[in-house]
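So the chains spell out like this:
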Amino acid sequence: MTISEITAYFEEMCNILNYNLFEGSLPPFCVVISGASNNLSTTYSRQDVWSKNGVGLREIVLSSEILNLNIYDAVVVLIHEMIHHYCYSRGLKDTSRGNTYHNKIFRQEAEKRFLIVEYSNKTGFTILKPSEKLKKIIDTLGFQENWNGVKTVKPIAKNRDNGIRKYVCPSCGNSVRATKDVNIACLDCNKKMVIEKRM
């Protein structure tokens, strides 16, 4: 199965969830699967990112890590982002603190979609689990891990030059950091500083 087929499958799951859990009320949106990362980072864009036939579309960006989840947890991730879309399209403020803290409105909407919601001091009502009722709905809808064994691989950490250089005075040891090669002198000693290392 190709990534485009997997993306289409997630879009179809969202369409089915829209009709079964949101009464078909969600405005159209796009689903995007982003490259591998070391965490399950998903986002909902609160502004139009795409345009179809002159109509602006928002997007839900799923980390490819979603492919490593079981179907129940994958659906929970989709519902989470769809709740943001639902709330935003109705003018409901379900988050604060730069959209990181999920408030009681988010919790109420999550519970309406049969999610078990727990509280985190840092991010609010973001600890979500599928209830038994939601699992039965997922089974009834026929969702399955349909990505035929496609899993993400952890990116190999590269030893990259981050562009920072440390310059040191050869006389007194004063040091500075720079993001590019520079000619710099220590005015305490009137000596040219030398690059000690790239960080």
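Here the structure is a predicted model, which means the values were calculated and not measured.

Undergrad: If you had to explain the overall build of the protein chain to someone new, which residues and values would you point to?
TA: Regarding its fold elements, the protein chain presents four helices and 13 strands. Of all 199 residues assigned to the protein chain, the portion counted as buried reaches 38%. The long-range share in the protein chain, meaning contacts at least 24 apart out of those at least 6 apart in sequence, stands at 52%. Accessible area of the protein chain: about 11700 Å², with a carbon and sulfur share of 50%.

Undergrad: An account of the pattern of salt bridges is requested, with residue identities and associated values reported.
TA: For the coordinates displayed, the defined rule picks out seven salt bridges. Between Arg107 and Glu111 there is a salt bridge whose closest N-O contact spans 3.9 Å. Taken together, the residues Arg107 and Glu111, both in helix H3 (residues 104-112) and four residues apart, mark about one turn of the helix. Take Glu111: its relative accessible area is 41%, and that puts it in the partly exposed class.

Reading the values: the criteria
Residues numbered from 1 in each chain as written. Predicted model: local features only at pLDDT ≥ 70, side-chain atom pairs only at ≥ 80, totals over all residues. Heavy atoms only, no water. Helix = DSSP H or I, 4+ residues; strand = E, 2+ residues; numbered from the N terminus. Buried < 20%, exposed > 50% of the residue type's maximum accessible area, 1.4 Å probe, protein only. Contact = heavy atoms within 4.5 Å. Areas by Shrake-Rupley, 256 points an atom, 1.4 Å probe, with all protein chains shown as cover. Salt bridge = Lys/Arg side-chain N within 4 Å of Asp/Glu carboxyl O.

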